[in-house]
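Observations on the three-dimensional arrangement
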Amino acid sequence: MEIVVPRGFDKMKQVASEGGADFVYANSLMGYRLKQGGFATPIAQMYNIDDKTVSRGKFFVHRDSGITTISQLRGKRIAFVSPLGDGAYLAPRAFLYKNGISTQEYITEVFTGNLSNSLHQVLLKETDAGAMCGVNYRLLSEKLALGELNIIAETDEFAETVIAATKGIDPDLVRRFKQAVLGMHETEAGKRILAGMRDLKIQRFVPYDERIEDITRKLLREAKLEP
């Protein structure tokens, strides 16, 4: 097996459409975009360590900031991991708009590139607040000293990561790969692999349920990214 790491949605779309990969592991937003464009078909989704296929984002601030509510984020700098993220951007952005805060008018968006950078930006007071998946925040709190941070709000649910088969690959390969992925938690070798994926929130994988797309569509509308 060869792992390909395309940077950004356009490169992922190119890899998926030009035969550069047979399967794609992507967050629910990118998986949704790939499916809508006809580039890939989701076959499985993450069942996270909270026993769910969904999670929620968290907004966090430095405890000395004086910020205790979402409304106080107007005019502030907020650290997001990536504009392509679901828990790291889509769900928080939708939550801000639901609370009357346009990200284009009332805040300054800072994209940090990874989860640790977002935490450090707020710890060092380089940004006023940050947002990320709540499960990721909890996992990082097991390794980093986050006692100086306070969580001030929780977003609506977003769907967890998906595995998708790219367009045009052998259906038998898709069937066998899907069978292997969905059965990992039933074998000792698979359990060992999954245990090493805990830091990625992964408990196991379950069959893809297209109803989670309703969650993504709802967030896209609320975030003013789709009509």
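What counts as what
Per chain, residues are indexed from 1 in the order of the written sequence. Predicted model: local features are reported for residues with pLDDT of at least 70 only, side-chain atom pairs are reported and counted for 80 or more only, and whole-chain, interface and lining totals are derived from all residues. Note: side-chain values were computed over all heavy atoms of the structure, leaving out hydrogens and water. Here the rule is simple: two strands pair whenever DSSP picks up at least two bridges between them. Each helix is a run of DSSP H or I of at least 4 residues and each strand a run of E of at least 2, with the numbering of both proceeding from the N terminus. Axis definition: a line fit to C-alpha positions, over the contact stretch in the case of helices; interaxial angles, taken between N-to-C directions, run 0 to 180 degrees. By definition, residues are in contact when any of their heavy atoms lie within 4.5 Å. Method remark: on a 1 Å grid restricted to protein atoms, a set of points is classed as a cavity if a 1.4 Å probe fits but cannot get out and as a pocket if it is open with protein on both sides within 12 Å along at least five of seven lines; lining residues have an atom within 4 Å of a point. Grid points are joined across faces, edges and corners, and a volume is the space filled by probe spheres set on the points. For this classification, the nonpolar set comprises Ala, Val, Leu, Ile, Met, Phe, Trp, Tyr, Cys and Pro, the charged set comprises Asp, Glu, Lys and Arg, and every other residue, Gly included, is treated as polar. Buried means the residue's accessible area, taken with a 1.4 Å probe over protein chains only, is under 20% of the maximum for its type, while exposed means over 50%, and partly exposed covers the values in between. Identification of polar contacts relies on pairs of N or O atoms within 3.5 Å, with a donor-acceptor requirement for protein atoms, meaning one able to donate a hydrogen and the other able to accept it, and with residues adjacent in sequence counted only if both atoms are side-chain atoms.

Side note on the sheet that holds strand β4 (residues 77-80)
Taken in spatial order, the five strands make up an open sheet running β5-β4-β6-β3-β7, and their pairing is mixed. At either end of the open sheet lies a strand with only one pairing partner, and these are β5 (108-111) and β7 (149-159). Within this sheet the neighbouring strands show an average axis-to-axis angle of 25°, counted without direction. Taken together, the five bridges between strand β3 (residues 54-62) and strand β6 (residues 129-133) define a ladder with antiparallel strand orientation. Bridged to V61 within β6 is A129. Here helix α3 (residues 86-98) sits on the sheet and contacts β3, β4, β5, β6 and β7; the angle it forms with β7, its principal contact strand, is near 100°. Taken strand by strand, helix α5 (residues 134-141) contacts β3, β6 and β7, and its axis lies near 105° from that of β6.

A word on empty space enclosed by the protein
On inspection of all chains with the given rule, the structure shows one cavity of 30 Å³ or more. When its volume is computed, the largest cavity comes out at roughly 40 Å³. Together, S28, G31, Y32, P42, A159, V162, Y208, I212, E213 and T216 line the largest cavity. Secondary-structure elements contributing two or more residues to the lining of the largest cavity are α2 (28-36) and α8 (212-222). Classifying every residue of the lining of the largest cavity gives six nonpolar, three polar and one charged.

Details of the side chain of T166
You can see T166 is positioned in strand β8 (residues 162-166). Classification of T166 by relative accessible area gives buried; the value is 4%. Within polar-contact distance, the side chain of T166 engages the backbone oxygen of A21 at 2.8 Å. In contact with T166, other than residues within four places in its own chain, are A16, A21, D22, F23, V24, F39 and A40.

Quick notes on the sheet that holds strand β1 (residues 23-26)
Within the open sheet, the four strands sit side by side as β1-β8-β2-β9. Their pairing is antiparallel. The open sheet has two edge strands, β1 and β9 (202-207), and neither has a second partner. When strand polarity is set aside, the average angle formed by the axes of neighbouring strands in this sheet is 30°. One ladder, built from four bridges, connects β1 with β8; its direction is antiparallel. Considered in β8, the bridge of A26 is made with V162. Lying over the sheet, helix α6 (residues 171-182) contacts β1, β2 (40-48), β8 and β9, oriented at roughly 5° with respect to β2.

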